[in-house]
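# What the coordinates show
So you can see what is in the structure, the chains are spelled out below.
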Amino acid sequence: MSGDALSQDPAELRKRFDNTRPHPARVYDVFLGGKDNYPADRTAAAAALATNPRGYLDVRHNRDFLRRAVTRLAREDGIGQFLDIGTGLPTAENVHQIAQRIRPGTRVVYVDNDPIVLAHARALLTSGPDGRTDYIDADFVNPAEILEQAAKTLDFDQPIALCLVAILHFIEDEVAHPAVRELVAALPPGSRLVVSHLTEDLNAEKIRGVQRSYTERGLTFVLRSRPEIERFFTENSLALADPGVVPVHHWHPDHAAPVPEQPDPELLATLDAIDRSRYADINDVTDADINVYAGVGTKA
């Protein structure tokens, strides 16, 4: 594993855990119905949901965008390598599982800096026999380290899809733009940049309330407009693929989002708002529900 991430001293990892403050990866895990989170993460998620009761649709449609983007890139564009930064905790459909069903030889490198993600990283390394997966314990703000370690698994002479899905809105401009610039500059021609990003363009009042609930708990939360998100593509000379940067549920919808199996109604009635949301069908989404833009660009 790159950087010997899984061989790190458990005592050193424990020093990095801070379960008194929410972490974006773990708050995301709450909304996806995961169990690898702490009360602080659940409190942050509950506060966001109280502000925007259908806010779970942003999270789950963001995840469904990743499914559609990886599927499209592997099946239609022939992309066989993915660098997924800000991976988050393993879930039902990770990038390598989606891509390797289509292209069994796909190589995927995951990157995150949350020690609890590292603790569960082995679930991200279940590659098919023809492909490869790897995990890098690194921070987005250190692109040189990421690129050095990723080169142990990925072939930087062949196109790579760089996935920055729901990560850039946690990073201020002065860090985000130089890091994206360095990462994209290292990619070969034909590579892709995959981005999703929260915005206040679409339903400002709802998302500003969510922003307040997160910043009050110490999380950086940067809402960018469509032109500001497009800048990540244009300033790096990337050609935006159709339909451009659009609300996430309008990016090549296939109406194939999984519908969760429903529990007994009596059990459902006993659950709190967060746990009930994991069983909601996201196919009833409207434009008034969504606060996420998504887009994919190609490097010439």
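Before any of the text, the structure's been laid out above.
Residues numbered from 1 in each chain as written. Predicted model: local features only at pLDDT ≥ 70, side-chain atom pairs only at ≥ 80, totals over all residues. Heavy atoms only, no water.

### Details of the nonpolar core
- Judged by nonpolar contacts, the single largest core of 54 residues is most densely connected at Phe 31, Phe 65, Phe 82, Val 194 and Tyr 214.
- A total of 8 residues in this core trace back to one element, the largest contributor, which is helix 4 (residues 56-75).
- Setting aside anything within four residues of it in sequence, one finds Phe 65 in contact with Val 165, Val 194, Val 195, Ser 196, Val 248, Trp 251, Ala 294, Gly 295 and Val 296.
- Counting residues in each nonpolar core, the second largest holds 32 residues, with Leu 162, Leu 164, Leu 168 and Ala 179 among its members. (Core = buried A, V, L, I, M, F, W, Y, C linked by side-chain atoms within 4.5 Å. Buried < 20%, exposed > 50% of the residue type's maximum accessible area, 1.4 Å probe, protein only. Helix = DSSP H or I, 4+ residues; strand = E, 2+ residues; numbered from the N terminus. Contact = heavy atoms within 4.5 Å.)

### Some points on the pairing of strand 1 (residues 81-85)
- With 5 of 5 residues buried, strand 1 is to be regarded as a mostly interior element.
- Taking every second residue as pointing to the same face, both faces of strand 1 are buried, with Gln 81, Leu 83 and Ile 85 on one and Phe 82 and Asp 84 on the other.
- In this sheet, strand 2 (residues 107-112) lies alongside strand 1 in parallel orientation, the contact comprising 5 bridges. Pairing of Phe 82 across the sheet is with Val 108, part of strand 2.
- Here strand 1 pairs with strand 4 (residues 161-165) via 3 bridges, running parallel. The partner of Phe 82 across the bridge, within strand 4, is Ala 161. (Pairing = 2+ DSSP bridges.)

### Describing the pairing of strand 8 (residues 292-299)
- The element strand 8 is largely enclosed, with a buried count of 7 among its 8 residues.
- Both strand 5 (residues 192-198) and strand 8 contribute to a ladder of 7 bridges, which runs antiparallel. Opposite Val 195, over in strand 8, you have Gly 295 as the bridge partner.
- Taken together, the 3 bridges between strand 6 (residues 238-240) and strand 8 define a ladder with antiparallel strand orientation. Paired with Ala 239 across the strands is Thr 298, a residue of strand 8.
- Here strand 7 (residues 246-247) pairs with strand 8 via 2 bridges, running antiparallel. Within strand 8, the residue paired with Pro 247 across the bridge is Tyr 293.

### Quick notes on the packing of aromatic side chains
- Throughout the structure, instances matching the rule amount to 3 aromatic pairs.
- Geometrically, the ring pair formed by Phe 65 and Trp 251 is edge-to-face, given 5.3 Å between the ring centres and 90 degrees between the ring planes. In this pair, Phe 65 is assigned in helix 4 and Trp 251 in the loop between strand 7 and helix 11 (265-270), connecting sequence segments 186 residues apart. Exposure class is identical for Phe 65 and Trp 251. Each is buried.
- Members of the aromatic cluster, each reached through a chain of ring pairs, are Phe 170, Tyr 214 and Phe 221. (Phe/Tyr/Trp six-rings, centres within 6.5 Å; stacked < 30°, edge-to-face > 60°.)

### Describing helix 4
- Its 20 residues give helix 4 an end-to-end C-alpha distance of 29 Å, which sits within 8% of 28 Å, the value for a rise of 1.5 Å per residue.
- The element helix 4 is largely enclosed, with a buried count of 18 among its 20 residues. (Expected span 1.5 Å × (residues − 1).)

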